[in-house]
Amino acid sequence: MDQFTLNLIVVGITFAIYVGIAIWARAGSTAEFYAAGQGVHPVMNGMATGADWMSAASFISMAGIIALAPAGGYTQSAFLMGWTGGYVLLALLLAPYLRKFGKFTVPEFIGDRFYSGGARLLAVVCLIIISITYVIGQMRGVGVTFSRFLEVSTDMGLYIGAAIVFAYAVFGGMKGITYTQVAQYVVLIIAYTIPAIFISLALTGAFLPQLGLIGDYAPAGGDQAFLAKLDQVVTELGFTAYTADTPSMLNMFLFTMSLMIGTAGLPHVIIRFFTVPKVADARSSAGWALVFIALLYTVAPAVGSMARLNFTTTMWPGAVTGNALDQDAVSLDAIQNDPKLSWVRTWEQTGLLVLQDLNGDGKIQYFNDAKLAAENKAVEGATKALADARAANADAARITELEAALAAANEARIAKGAEVTVGGQTLAERGWVANEVVKVDNDIMVLANPEIAALPGWVIALVAAGALAAALSTAAGLLLAISSAISHDLIKGSINPNISEKGELLAARISMTFAIVISTWLGLNPPGFAAQVVALAFGLAAATIFPALMMGIFSKRVNKEGAILGMLVGLVFTSVYIFLYKGWFFIPGTEVYADVPANYFFGISPLSIGTIGAILNFAVAFAVSAVTKAPPRQVVELVESIRIPRGAGKATAH
Amino acid sequence: MVDRTGHVTSDRTSSNAYWSANVRIILISLAIWFACSFGLGIILRPALEGIMVGGADLGFWFAQQGSIYVFLVLIFVYAWRMNKLDREYGVDE
């Protein structure tokens, strides 16, 4: 059976399971649609939260982002600590109290606690900005995974994915989504860990990748630690060591904090804790969620670092037992003919891996040529200009002119090679031009793993199903957060408060359909800021929703005026700071400052700014509350009541 | 005391004592949360150079593995302590 058929079967089976669950878990009331009827077991909810939380980015990209980071893998630990540490904040500061509050949405709590329709509306705006930016990446993830594994176009893949989400999210609501997410978690965690275990066994002899990461490197006899081996090989080739210290401790600190409080403030995660029966369950469920998340997050750095070493030793066979430069680089002949290197050919075809024999020696030299960045860019520009002119049938004189420009750019790069050294010799002395691994996409570090470890075809098919599960489960959670904000907070909350239970359920289903259509459209026409989305979504969640919720629970004095101004300041400050460096509304070319550390205020990167936005939100809210009227008596009673677990019972619609 | 529906009916001091005990548990937990991630994983890493956990230095290990394990234990211990506290003050469900 060929790989394509196998992928089709495995993905088809998982999709059939999801649709089957959708039919079984049809929502019959708004309580079921918004909060799965508050009857979800805390362990089940933990598993569903794990799938809800772990997105296409966690599954496909995170290991590669850590492994291939120019500043070294250690600096990227911010993702590992940030995306797990946020659950501690959720468990301690938010989940139990919001569960006791016992209603269905995050804006509803903010509206009730700050006794203001305006505050509720502002929370809806923040929620929709955060969730929409986040969902675009998931829809893209679905499309891209389909196109890589199932030979359909990205757009077609997106339509199929949207149809599946439609099936269980529109009919099942939170109930359908919860039980589908449990199934999706199982698929994604198996798909992630099986290749990791085999790679860890091959490189370190350790069955658990978590132990392999700190174990010894086996192929060279085992007297060198795996991490030391990785550092040795990559630094030899001019890259930053995997374990190198961070270039900016301040930014690592602030970025980690921003991801943690952002995680705790993400509405689609918070609403998962409305589904358990009791306050005590909300506490333990956060722990179970972290158990299931940690299964992937503690494996991810092992997957990334091991894939990086595997990739490097593939390019430099001498590095397996000795130094990278002891032997020649991998030859084009080996890549074409060696069955063990078939994965290189596979991934070259997808364009995620681009190899070019620039110096024409029949080998692929992989090294860090960051010092040639300007020259590389010039060659790239000249190549593109020539190709464009040829495609447009420009006249011969123009072609000759552009050919001369390209030749000059190439000459300049070769000349610069006399100043760049690798392993004590200049590129000129070695006869190298530039890094011949022109592109290696982060995603390869996970997607190519089963092939690198020579695992059977069904494991590859499982990775495809796992990537789809990760993207679909997160998309569904986000869509539910968006649609409940529309039907419960906007329609029931302000437009038509007298809507019947049946009417609201219908409105919720229509809102869900609407949210799916919008996010599919955005996935088909991405605004071109996919990479920046993380900064915006987490920055805003950290600077708006988290502080508002926390002050609502832990302070009886913060009032309407304080909360609204605090959220506004957090929202405006954080988005403006990000836009200054990434362009207004991410439109390319409209950025005010170049996105380089030299331009940052106090050296703070736009990625890390959510922490500062949160501090401003707290400061403004307390200051304004101190000089305005204290909240009314019934709000103080509300705060006293959510602080005590007894009586959570069933949530009330109103 | 607190009646079955969660409304504070009398004895405000008891519910205040419950809340301050709760806040104390939260503060201790947050101190541990901060110490293992921001402390050992980031700020103290340069100072702890040379202390190894297998093939990784202590700061690196806490940043990529250890802090996550501490978070896990922390949440379950917190949940257990809070459940105990709920029972002591008679506010459990």
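Under an unreviewed UniProt entry, the name given to chain B is Solute:sodium symporter small subunit, and the source organism is Cereibacter johrii.

In the annotation of an unreviewed UniProt entry, chain A is listed under the name Cation/acetate symporter and assigned to Cereibacter johrii. Here is the UniProt Subcellular location (unreviewed entry) comment for chain A, exactly as written: "Membrane".

S.K.: Now, about the overall build of chain B: what can you tell me, with residues and values included?
M.R.: A tally of helices and strands in chain B yields 2 helices and 2 strands. Starting at the N terminus and ending at the C terminus, chain B contains elements arranged as α-β-β-α. Buried residues in chain B amount to 49% of all 93 residues. Counting only carbon and sulfur atoms, one obtains 66% of the accessible surface of chain B, whose full area is about 4,400 Å².

S.K.: Give me the lowdown on the overall build of chain A, citing residues and values where you can.
M.R.: When you go through chain A residue by residue, the secondary structure sums to 27 helices and 4 strands. Each principal axis of the C-alpha distribution contributes one length, and for chain A these read about 80 × 60 × 55 Å. Taken across its 654 residues, chain A has 60% of its residues classed as buried. Once local pairs closer than 6 in sequence are excluded, the contacts in chain A between residues at least 24 apart make up 81%.

S.K.: Describe in detail the pattern of salt bridges, supporting the description with residues and values.
M.R.: Taken as a whole and assessed by the stated rule, the structure comprises 15 salt bridges over all chains. Its salt-bridge partner being lysine 363 of chain A, residue aspartate 328 of chain A comes within 3.9 Å of it at the nearest N-O pair. Placement of the pair is aspartate 328 of chain A in the loop between α14 (300-315) and α15 (332-337) and lysine 363 of chain A in the loop between β1 (353-355) and α17 (373-391), with a sequence separation of 35 residues. In this structure, the salt-bridge partner of arginine 45 of chain B is aspartate 57 of chain B, at a minimum N-O distance of 2.9 Å. Separated by 12 residues along the polypeptide, arginine 45 of chain B in the loop between α1 (12-43) and β1 (52-53) and aspartate 57 of chain B in strand β2 (residues 56-57) bring together distant segments of the chain. When sorted by exposure, arginine 45 of chain B lands in the same class as aspartate 57 of chain B, which is buried. Through salt bridges with shared partners, a single network forms among Asp245 of chain A together with Arg45 and Asp57 of chain B.

S.K.: Please provide a residue-by-residue account of helix α6 (residues 106-113) of chain A, values included.
M.R.: Residues and elements named next belong to chain A. Burial analysis of α6 places 7 of its 8 residues in the buried class, the great majority of the element. When α6 is considered as a whole, its buried residues turn out to be Val106, Pro107, Glu108, Phe109, Ile110, Gly111 and Arg113. Put simply, threonine 105 is the residue that caps the front of α6, since its side-chain oxygen is 3.1 Å from the backbone nitrogen of glutamate 108. Downstream of α6 by a residue or two, tyrosine 115 has a phi angle that is positive, lying close to 35°.

S.K.: Residues and numbers for the UniProt feature "domain: Sodium symporter small subunit" (unreviewed entry) in chain B, please.
M.R.: Mapped onto this numbering, the UniProt entry annotates "domain: Sodium symporter small subunit" (unreviewed entry) at residues 16-92 of chain B. Between the end C-alpha atoms of residues 16-92 of chain B there is a gap of 16 Å, over a span that is 77% helix and 5% strand.

S.K.: So what's going on with the layout of surface pockets? Residues and values would help.
M.R.: All names here are of chain A. By volume, the second largest pocket is sized at about 680 Å³. Together, 27 residues line the second largest pocket, and Asn310, Thr314, Lys340, Trp343 and Ile452 are the ones closest to its centre. Elements represented by at least two residues in the lining of the second largest pocket include exactly α8 (154-204), α14, α16 (342-350) and α21 (449-452).

S.K.: Run through the nonpolar core, naming residues and quoting values.
M.R.: Ranked by internal contacts, the top residues of the largest apolar core, which has 240 residues, are Trp53, Phe59, Leu94, Ile110 and Tyr297 of chain A together with Trp33 of chain B. When neighbours within four sequence positions are excluded, leucine 94 of chain A is seen to be in contact with Leu89, Ala264, Ile270, Phe546, Leu549, Met550 and Ile553 of chain A. Ranked by size, the runner-up nonpolar core spans 8 residues in total, among them Val379, Ala382, Leu406 and Ala409 of chain A.

S.K.: Describe a positive patch on the surface, naming the residues involved and giving the relevant values.
M.R.: Residue and element names in this part refer to chain B. On the surface, a cluster of positive charge is contributed by Arg24, Arg81, Lys84 and Arg87. It is helix α2 (residues 58-88) that provides the largest number of residues to the positive patch, a total of 3 residues. Of note, arginine 24 is situated in helix α1.

S.K.: An account of α2 of chain B is requested, with residue identities and associated values reported.
M.R.: Since the α-helix turns once every 3.6 residues, residues separated by three or four places project in the same direction. All names here are of chain B. For α2, spanning 31 residues, the distance from its first C-alpha to its last is only 39 Å, which falls clearly below the expected 45 Å at 1.5 Å a residue. Taken as a whole, α2 carries its principal kink of about 55° at glutamine 65. Two residues or fewer after α2 comes glycine 90, characterised by a positive phi angle close to 65°.

S.K.: Give me the lowdown on the side chain of threonine 256 of chain A, citing residues and values where you can.
M.R.: Secondary-structure assignment places threonine 256 of chain A in helix α11 (residues 249-264). At a separation of 2.6 Å, a polar atom in the side chain of threonine 256 of chain A contacts the main-chain carbonyl oxygen of methionine 252 of chain A. Filtering out sequence-adjacent residues up to four positions away, threonine 256 of chain A remains in contact with Ala78, Met81 and Gly82 of chain A together with Phe38 and Ile42 of chain B.

S.K.: Explain the side chain of arginine 113 of chain A to me, using residue names and the numbers behind them.
M.R.: Residues and elements named next belong to chain A. Considering the arrangement of structural elements, one finds arginine 113 in helix α6. Buried and unpaired, arginine 113 has glutamate 561 as its nearest opposite-charge partner, separated by 9.5 Å. Within the local environment of arginine 113, its side chain forms a polar contact with the backbone oxygen of serine 555, the two atoms lying 2.7 Å apart. A polar contact of 3.0 Å, which involves the side chain of arginine 113, links it to the backbone oxygen of valine 558.

S.K.: How would you explain the packing of aromatic side chains if you had to name every residue and give the values?
M.R.: All chains considered together, the criterion is met by 42 aromatic pairs over all chains. Here phenylalanine 15 of chain A and tyrosine 18 of chain A contribute two aromatic rings whose centre-to-centre distance is 5.9 Å and whose plane-to-plane angle is 40°, an arrangement assigned as tilted. Here tyrosine 18 of chain A and phenylalanine 15 of chain A lie together in helix α1 (residues 3-24), a separation of 3 residues that amounts to about one turn. The residues phenylalanine 15 of chain A and tyrosine 18 of chain A share a single accessibility class, namely buried. Their ring planes at 65° and their centres at 5.3 Å tell us that tyrosine 185 of chain A and phenylalanine 292 of chain A sit as a pair that is edge-to-face. Residue tyrosine 185 of chain A is located in helix α8, and its partner phenylalanine 292 of chain A is located in helix α13 (residues 279-297); the two are separated by 107 residues in the primary sequence. A residue is classified by how much of its surface remains accessible, and phenylalanine 292 of chain A, at 9% relative accessible area, is buried. One aromatic cluster is present, built from ring pairs that chain together Trp53, Phe79, Trp83, Tyr87, Tyr134, Phe255 and Phe538 of chain A. One Lys or Arg, arginine 430 of chain A, reaches over the ring of tryptophan 432 of chain A and ends 5.1 Å from the middle of that ring. A cation sits over an aromatic face here: arginine 45 of chain B above tyrosine 74 of chain A, 4.0 Å from the ring centre.

The rules behind the values
Residues numbered from 1 in each chain as written. Chains lettered and ligands numbered in written order. Predicted model: local features only at pLDDT ≥ 70, side-chain atom pairs only at ≥ 80, totals over all residues. Heavy atoms only, no water. UniProt positions renumbered as here; feature names shortened; annotations may be inferred. Helix = DSSP H or I, 4+ residues; strand = E, 2+ residues; numbered from the N terminus. Buried < 20%, exposed > 50% of the residue type's maximum accessible area, 1.4 Å probe, protein only. Areas by Shrake-Rupley, 256 points an atom, 1.4 Å probe, with all protein chains shown as cover. Contact = heavy atoms within 4.5 Å. Salt bridge = Lys/Arg side-chain N within 4 Å of Asp/Glu carboxyl O. Polar contact = N/O pair within 3.5 Å; in protein donor to acceptor, adjacent residues only side chain to side chain. 1 Å grid on protein atoms, 1.4 Å probe; cavity = no way out; pocket = protein on both sides within 12 Å on 5 of 7 lines; lining within 4 Å. Points joined across faces, edges and corners; volume = space filled by probe spheres on them. Core = buried A, V, L, I, M, F, W, Y, C linked by side-chain atoms within 4.5 Å. Patch = residues over 30% accessible without salt bridge, like charges linked within 9 Å, V, L, I, M, F, W, Y side chains within 5 Å. Lys, Arg positive; Asp, Glu negative; His and termini not counted. Charge placed at Lys NZ, Arg CZ, Asp CG, Glu CD. Expected span 1.5 Å × (residues − 1). Bend = angle between axes of the 7 residues up to and from the residue. Phe/Tyr/Trp six-rings, centres within 6.5 Å; stacked < 30°, edge-to-face > 60°. Lys NZ or Arg CZ within 6 Å of the ring centre and 35° of its normal.

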